[in-house]
Protein chains: 2
Amino acid sequence: MTSAATDTYHVESNGFSTALLTDRYELTMLAAALADGSARRRCTFEAFARRLPNGRRYGVVGGTGRLLDALAHFRFGEPELAAAAGFLDPATVDWLRGYRFTGDIDGYAEGELYFPGSPVLSVRGSFAECVVLETVILSILNHDSAIASAAARMVTAAGGRRLIEMGSRRTHELAAPASARAAYLAGFDATSNLEAARRFGVPSAGTSAHAFTLLHSGADGQHEAEAFRSQIAALGIGTTLLVDTFDITRGVATAIEVAGTDLGGVRIDSGDLGVLARQVREQLDGLGAAKTRIVVSGDLDEYSIAALRAEPVDAYGVGTSLVTGSGAPTAGMVYKLVEVDGLPVAKRSSHKQSRGGTKRALRLARRTGTIVEEIVYSAAGTRPATAGFEARELLVPLVRDGVAAPQRPTLVESRDVVARGLVSLPWEGLKLSAGEPAITTSFAD
Amino acid sequence: MTSAATDTYHVESNGFSTALLTDRYELTMLAAALADGSARRRCTFEAFARRLPNGRRYGVVGGTGRLLDALAHFRFGEPELAAAAGFLDPATVDWLRGYRFTGDIDGYAEGELYFPGSPVLSVRGSFAECVVLETVILSILNHDSAIASAAARMVTAAGGRRLIEMGSRRTHELAAPASARAAYLAGFDATSNLEAARRFGVPSAGTSAHAFTLLHSGADGQHEAEAFRSQIAALGIGTTLLVDTFDITRGVATAIEVAGTDLGGVRIDSGDLGVLARQVREQLDGLGAAKTRIVVSGDLDEYSIAALRAEPVDAYGVGTSLVTGSGAPTAGMVYKLVEVDGLPVAKRSSHKQSRGGTKRALRLARRTGTIVEEIVYSAAGTRPATAGFEARELLVPLVRDGVAAPQRPTLVESRDVVARGLVSLPWEGLKLSAGEPAITTSFAD
């Protein structure tokens, strides 16, 4: 190891390997299983959530696309092998050298709603090739699903108004683009994060910070108008001016004075946003700037977004609550071995009971499109009767013989999956309050 | 852009650039400031937390080392410039092409305790070169400080017993190694995460999963003993066997039967951990395995760790609560412009008031080493009188003229900073309950 290996952003010239985004015990279990021959057994591992956090009524599957990328980069190059050699026998290290996942993965489409017990991912192959993927699969699904699930609630709370994700500074620097992606998946309109724009094609947006207004000060006092003039000169009349650095009423007056009544928008980042939005709207209208939009930000979550429904707000900027999953920063999914050589297996000690066997899942809807139930059934059994309902198979092929399915959806297509899912929920399911899952899940043999 | 640009793990061959881990508005403010000439003004930006989350009594600065790495990789190469060119004028893009931070950064040493208002980072240079660093600086400090602050509470709760970080699967895949690093900084003993071991030298550890026991089953039933034998054959008698897959009492008996009384440890991952730890200890002692350790895991946080103090637990495995900051997943630090061309500036609208001017900070302690107060004072003023107390300057040079200080501490040295900080707290400060900060911070001119 060179000293560069201690550097977070150092990467090998052949790209970043995801192989060490792994818990050590996966590789020591692998070593033991290779030695005793059980590593070759055909296994199914399933990822699912036992419950939804905080009385949520649905979850949104996020991260599937990123997971397929991570799988493609799950390769042990020399640096990863050197790290593994520190605690593994040479035969295991040799096995890792040639590692390629050659099995099958089915999963709920990215953006699909899920409920407690939904088998959102089904990974099949030898024990050896499946067990090593546990951590990277769960990290991605748990993070992205947590963000997407929180974001979807904000999207319904906003009722069609524009939502801008601006939480990058409140989460790990590389979790930030993934959060922006998950928010966009769930229906947000844009992000402040430039890496998310580049990597994932999420539309980027931004206004201005208080620092820019403060920069335009001198020994002779503040020059808010100068800051506004400069921003308009650089970004055009469609820009959004931040009007609350000093006095909001004065800030709005200055903004229109400088920009004229065609100003794109003003942003309010502090204070009682409802009261201020009404005052500012009235002021803008009085000045003839009826089309100038009002953007609000500052510790917004789905509840405060909903509380502003009656106010003249045009767009919300959401930060902390989005990237921290609004009280549920991880989705709580687990990755469990459910089948070995065709036989179901399950842990049986107190609590945390699991259901053995490879599963499939159907979602039942009325003719109107409203969903009523999810049926999880044994892949080895017969498909349950669903007469009188539209029934849709939820698990779709993601990987076959180690190769990702060619018909991988774009992020924009996955946005449609979320939008359709939200429309399919019964009314109760869209409540922001804590309660039961929107539909029940039944388990058939 | 090639299709590879949509791939999370794709990196340019010259390494990963952190330049787009940035909010768009930083670059549009830059564009406006370059155009109007204000970009050259000498500025100070400071990072600080207005409050500690959830009535915490102290925070732990985490991420400084990673931040210096990120700064070194903050370079606009062709891919980053191409992304910027989508919304910036050519002159700004040209300026970014040559970007190097050439200013000075002072900061609290990594591992230092902090309190509301502590100026944990002071960044000085032209507006242009400082403003673009806002997001990446805050992302790193907010994430790593949140994890380190939660971890430190767990460390004091564990009272010297071994703590293993195993939360990788509950957070973003690349936040996971950073979380492991922050936990180790705060006093954890080891991590399950292999990337953290490789990148940061955190000791790695691991036991086994239920999947490994379940793998050893067949049509003729379960073979827990076979799984245990296999694990011992591969990892030696010092390994820790997971005994709660089926029946814990039977699992313990089988473990000692197979391993003998020199078995390293057993892990319990479910049930009432206090009751089970006592039962298992008694059983192990009765079987003559008095030295076999008991490791517990399963939704532990600082409160449940403390509640197990009277029980015969040798080590704790902590996952979800660690990587999610135990209820406070972000530290809430902000990055504010406080000085322009030698004059203090501050936002003055309602709420969120900031103090203008470049600051320094002293921590006062009694002769016994117990800290009593923090004094934040103007760097332009005189150092406050501190007669009768030991006074320590908290801001240390991190970067001078764009170059990182050569005496950068190792992670192990930063662990000592945390350990010394925790010892310096007044008794009240170590309480897990919600309350006031352990010491008051006063602001002098």
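Residues numbered from 1 in each chain as written. Chains lettered and ligands numbered in written order. Predicted model: local features only at pLDDT ≥ 70, side-chain atom pairs only at ≥ 80, totals over all residues. Heavy atoms only, no water.

**Q** Got a minute to help me understand the environment of H216 of chain A in this structure?
**A** Structurally, H216 of chain A is set in the loop between helix 9 (210-215) and strand 8 (217-218). Its relative accessible area of 0% is what places H216 of chain A among the buried residues. Between the alpha carbons of H216 of chain A and E226 of chain A there is a distance of 6.6 Å; along the sequence they are ten residues apart. For H216 of chain A, the contacting residues outside a window of four places in its chain are Q222, H223, E226, A227 and S230 of chain A together with D36, S38 and R41 of chain B. (Helix = DSSP H or I, 4+ residues; strand = E, 2+ residues; numbered from the N terminus. Buried < 20%, exposed > 50% of the residue type's maximum accessible area, 1.4 Å probe, protein only. Contact = heavy atoms within 4.5 Å.)

**Q** Just checking my understanding: could you explain the sheet that holds strand 3 (residues 104-108) of chain B for this structure?
**A** Residues and elements named next belong to chain B. Spatially, the seven strands line up as an open sheet ordered 15-14-1-5-3-19-20, and their pairing is antiparallel. In the strand order of this sheet, the two ends are held by strand 15 (343-344) and strand 20 (403-404), each with one partner. Running at roughly 20° to strand 19 (residues 395-400), helix 2 (residues 64-72) makes contact with strand 3, strand 5 (121-126) and strand 19 of the sheet. Across the sheet, helix 6 (residues 134-158) touches strand 1 (42-49), strand 5 and strand 14 (333-340), and the angle it forms with strand 14 is around 135°. (Pairing = 2+ DSSP bridges. Axes fitted to C-alpha atoms, helices over the stretch in contact; angles between N-to-C directions.)

**Q** I tried to follow the domain arrangement of chain A on my own but got confused; where do I start?
**A** Think of interface size as the accessible area that goes away when the parts come together; that is how it is often given. Entries for chain A in the domain assignment read domain 1 (3-147 + 328-356 + 394-435) and domain 2 (207-323). For domain 1 of chain A and domain 2 of chain A, the distance between their C-alpha centroids amounts to 43 Å. (Domains from an automatic or database assignment.)

**Q** What's the story with helix 1 (residues 24-36) of chain B in this structure? I'm lost.
**A** Each full turn of the α-helix corresponds to 3.6 residues, which orients residues three or four apart in the same direction. Residues and elements named next belong to chain B. Helix length check: helix 1 (13 residues) gives 19 Å between terminal C-alpha atoms against 18 Å at 1.5 Å per residue, within 8%. Among all positions of helix 1, only Y25, E26, L27, T28, M29, L30, A31, A32 and A33 are buried. The first or second residue beyond helix 1 is G37, which carries a positive phi of 90°. (Expected span 1.5 Å × (residues − 1).)

**Q** In this structure, what is going on with the confidence of the model for chain A? I would like to understand it.
**A** The predicted coordinates should not be examined in detail at positions where pLDDT is low. All names here are of chain A. Confidence along chain A averages 94 in pLDDT terms, with 96% of residues attaining 70 or more. Considering only residues more than four positions removed or in separate chains, one finds that residues 1-8, a stretch of pLDDT under 50, has 14 contacts. Below a pLDDT of 50 lies the segment residues 10-14, which in the model reaches eight contacts outside its immediate sequence neighbourhood of four places, other chains included. Two summary scores accompany this predicted model of the complex, namely pTM at 0.96 and ipTM at 0.96. (pLDDT = per-residue confidence, 0-100.)

**Q** Explain the environment of V313 of chain A here, please?
**A** All names here are of chain A. By secondary structure assignment, the location of V313 is in the loop between helix 13 (302-307) and strand 13 (315-318). Classification of V313 as buried rests on a relative accessible area of 3%. Spatially, the C-alpha atom of V313 lies 42 Å from that of P397, the residues being 84 residues apart in sequence. Once you skip the residues sitting within four places of it in the chain, V313 turns out to touch R161, A277, I294, V296 and L308.

**Q** Please explain the relation of the copies chain A and chain B as it appears in this structure.
**A** There are two copies of the chain, and a rotation about an axis plus a shift along that axis relates them. Take chain A, turn it by 180°, move it 0.0 Å along the axis, and it overlays chain B with an RMSD of 0.0 Å. Put plainly, the chains are arranged around a two-fold axis. Same-surface contact between copies: 99% of interface residues of chain A are shared with the interface of chain B. (Least-squares fit on C-alpha atoms with pLDDT ≥ 70 in both.)

**Q** Would you mind showing me how to read the packing of aromatic side chains here?
**A** To describe a pair of aromatic rings, you give the distance between the ring centres and the angle between the ring planes. Applying the stated rule across the entire model yields ten aromatic pairs over all chains. A ring pair is formed by F45 of chain B and F127 of chain B, whose centres lie 6.1 Å apart and whose planes are at 35°; its orientation type is tilted. One end of the pair, F45 of chain B, is in strand 1; the other, F127 of chain B, is in helix 5 (residues 127-131), with 82 residues separating them in the sequence. By relative accessible area, which is 0% here, F127 of chain B ends up buried. With centroids separated by 5.6 Å and ring planes inclined at 50°, the aromatic side chains of W95 of chain B and Y99 of chain B adopt a geometry described as tilted. Accessibility expressed as a relative area gives 28% for W95 of chain B, which makes it partly exposed. Judged by relative accessible area, which is 2%, Y99 of chain B ranks as buried. Put simply, the rings of F74, F76, W95 and Y99 of chain A pair up and form one aromatic cluster. Directly above the aromatic system of F87 of chain B lies the positively charged group of R24 of chain B, at a separation of 4.4 Å from the ring centroid. If you follow R415 of chain B out to its NZ or CZ, it ends over the ring of Y184 of chain B, 4.0 Å from the centre. (Phe/Tyr/Trp six-rings, centres within 6.5 Å; stacked < 30°, edge-to-face > 60°. Lys NZ or Arg CZ within 6 Å of the ring centre and 35° of its normal.)

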